[in-house]
Amino acid sequence: MVGELTWRKRLLGLWMPLAVFGVVALFPFTWMAATSLKTNAELYDPKAMPLTIRHPSLVHYIDLLRETNFLTWIANTMLVAVVATGISLLLGTMLAYPLARMRFRGAPLLAITVAVTYLVPQSLLFVPMADLIGRLKLGNTLSAVMLTYPTLLVPFIAWLLMGYFKTVPKELEEQALIDGASRWRAMTRVILPLCMPGFISAGIFAFTLAQNEFLYALLFLSRSDVRTVPIGVVGELIRGDAFYWGQLMAGALLGSVPVALIYSFFVKYYVAGLTAGAVKG
Amino acid sequence: MSPVVEASRAAALESRAYRPVAVRRLREFIERESVFSWLILTPPVLFLLAFLGYPFFYGVYLSFFRREVAGPPTFVGLGNFVTLMNDPIFWQSVGNTVKFTGAATILKAFGGLGMALVMNQNFKFKAITRAALLLPFIVPTVLSTVAWQWIFDPGLGLFNRLLVESGLAKTGPSWLGTPTMAMISVIMVNTWRGLPFFGISILAGLQTIPVEQHESATIDGAGTWDRFRHVTLPSLLPVIFIVTTFSIILTFFDFQLVYVLTGGGPANSTHLMATYAYSLSMGAGQMGLGSAVALSMVPVLGLLLVLLTFYVRKE
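Residues numbered from 1 in each chain as written. Chains lettered and ligands numbered in written order. Predicted model: local features only at pLDDT ≥ 70, side-chain atom pairs only at ≥ 80, totals over all residues.

The next subject is the environment of Arg54 of chain A. Residue and element names in this part refer to chain A. With respect to the secondary-structure elements, Arg54 resides in the loop between helix H2 (40-43) and helix H3 (59-67). As a C-alpha pair, Arg54 and Val259 span 205 residues in sequence and 29 Å in three-dimensional space. Apart from residues lying up to four places away in sequence, Arg54 is in contact with Glu42 and Ala48. (Helix = DSSP H or I, 4+ residues; strand = E, 2+ residues; numbered from the N terminus. Contact = placed C-beta atoms within 7 Å.)

On domain assignment, one finds that chain B holds domain 1 (1-31) and domain 2 (85-314). One C-alpha centre belongs to domain 1 of chain B, the other to domain 2 of chain B; they are set 57 Å apart. (Domains from an automatic or database assignment.)

A separate point is the packing of helix H2 (residues 20-31) of chain B against helix H3 (residues 33-62) of chain B. Residues and elements named next belong to chain B. Where H2 contacts H3, the two axes come as close as 5 Å, and the packing angle between them is 75 degrees. When the axes of H2 and H3 are compared, the pair comes out roughly perpendicular. Across the interface between the two elements, Phe29, Ile30 and Glu31 from H2 touch Val35, Phe36 and Leu39 from H3. (Axes fitted to C-alpha atoms, helices over the stretch in contact; angles between N-to-C directions. Parallel < 35°, antiparallel > 145°, perpendicular 65-115°, else oblique.)

Quite often, the size of an interface is put as the accessible area lost when its parts meet. Between chain B and chain A, the residue contacts involve 75 residues of the former and 69 residues of the latter. For the side of chain B that touches chain A, the element with the highest residue contribution is H3 of chain B, accounting for 18 residues.

Turning to the packing of helix H12 (residues 224-252) of chain B against helix H16 (residues 298-314) of chain B, a few remarks are in order. Residues and elements named next belong to chain B. Two numbers describe how H12 lies on H16: the axes approach to 11 Å, and their chain directions differ by 170 degrees. Taken together, the axis directions place H12 and H16 in an arrangement best described as roughly antiparallel. The hand of the H12/H16 crossing is left-handed. In contact with Phe241, Thr245, Ile248, Ile249 and Phe252 of H12, H16 contributes Val300, Leu301, Leu304, Leu307, Leu308 and Tyr311. Considering only residue class, the contact of H12 with H16 consists of 10 nonpolar, one polar and no charged. (Left-handed = near helix turned anticlockwise from the far one by under 90°. Nonpolar A, V, L, I, M, F, W, Y, C, P; charged D, E, K, R; others polar.)

Laid out in structure tokens, this is it:
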């Protein structure tokens, strides 16, 4: 009797709502996959069931790779994300370390500025940014986005890392200084190695954000061979009013795979980065 | 540091042994907390000044000029803002932004709270479930938005096919074709994408509530609802407040979702301030006017930041 009651409670309180959340979260991906694997004849047949596939075919994937610069876009996206993440981790660490562990003039003001810049949205800055990139003659180069993405990432990384840097006890550093190490050595040899989880969290988060970015890529990269995946897919697979849904979905799916793979390996760190702000305050 | 570097440093120190005092002074100077701090801080601060500070103030400067595609810019003072005040599309985009942000945030907050409460139970494969539910948030927005555009397709899209197939409707609605439906649709996609962020953050908050609090409330005779109202909710409020503020900022300034899904249409009914700023400055070449639209969002951001700061201080 009791067992049956808890079973019903589990069904209503756990499994059913969980199924609803799961279906809502995942059905667009199923639809993407189903579309990308159908031939055009089946895709545009109003009588065919939308979510089943009668004649699976890779034709859209083959066309995508043959007719567009998709592989170049993937390579560009990876390169940009790696470089932007690297620059941002370096600058973010340089910003966060003194703010988290040192006392110096201007520290409170700088800390507030970092927090504010973290929340300044892109759509506020893109008009002057486009002008600036134009004047630096960086239009249609990957350097344009490699330089501008860190402006989005550095404040966030610094903010996240400050939390990690603060958790290392002050005594460790003092001991190193007493032993004759310089501040630089204490930092690079003692403190920073202890903050590896923080670096992984910040790195994964920055990497996915860089892969995701759209507005600056849209503004700065108009030539096909310098485009990243998001801007390539939207800019070139939608030709005028004609939609090549099979290829679009193949592109959207292939473009999501690298992010999803990296994310699935480091999901723990990603969630830590995501919730750090909200839970720690 | 590699042994080679160390050896070369030792050699360098030795070669300068004839002025040990100066070297020692320099080292002592660098070792001072404030000097060391600023030495490290200078590169990132300069970078942010050049690529965040400068564009911001340059944007303010631009907003005082009228600049068409061709021809030199002319100073118009607050003329661009006056133009906007009399521009019905600007006001429409302000209204749209408020509606979009308000509706999407409420849906995400309640949906996210629900997701967190469901996820806060013990069950098998919890880690995988959490990872899967977070997918909409991590997949590049533009790519999932393109999929949604296909879901909304009036003739062959998933929604209308299912509606027709199941006999619920003869022909489904035009999801992106009428002003009301288009607004509902963009709100739906934004909610789909952002809900997991709320869910996972609130879940993390839930897990910090000590079990003893629930146990003692149960002993005191509190039912499920009472426990939720008097134990769970109060301890979740800080998390909910911060996540909501973050989300409002992200949603209010959203660009890519609307840009891809509707381009602001039909008849400007889904134009947000960000997409309107884009179409003015990039589409029509009116940089000054576009900057002015973007700057009109600053007071909202300022207000939210002040709220957030006060709240964090109070905590």
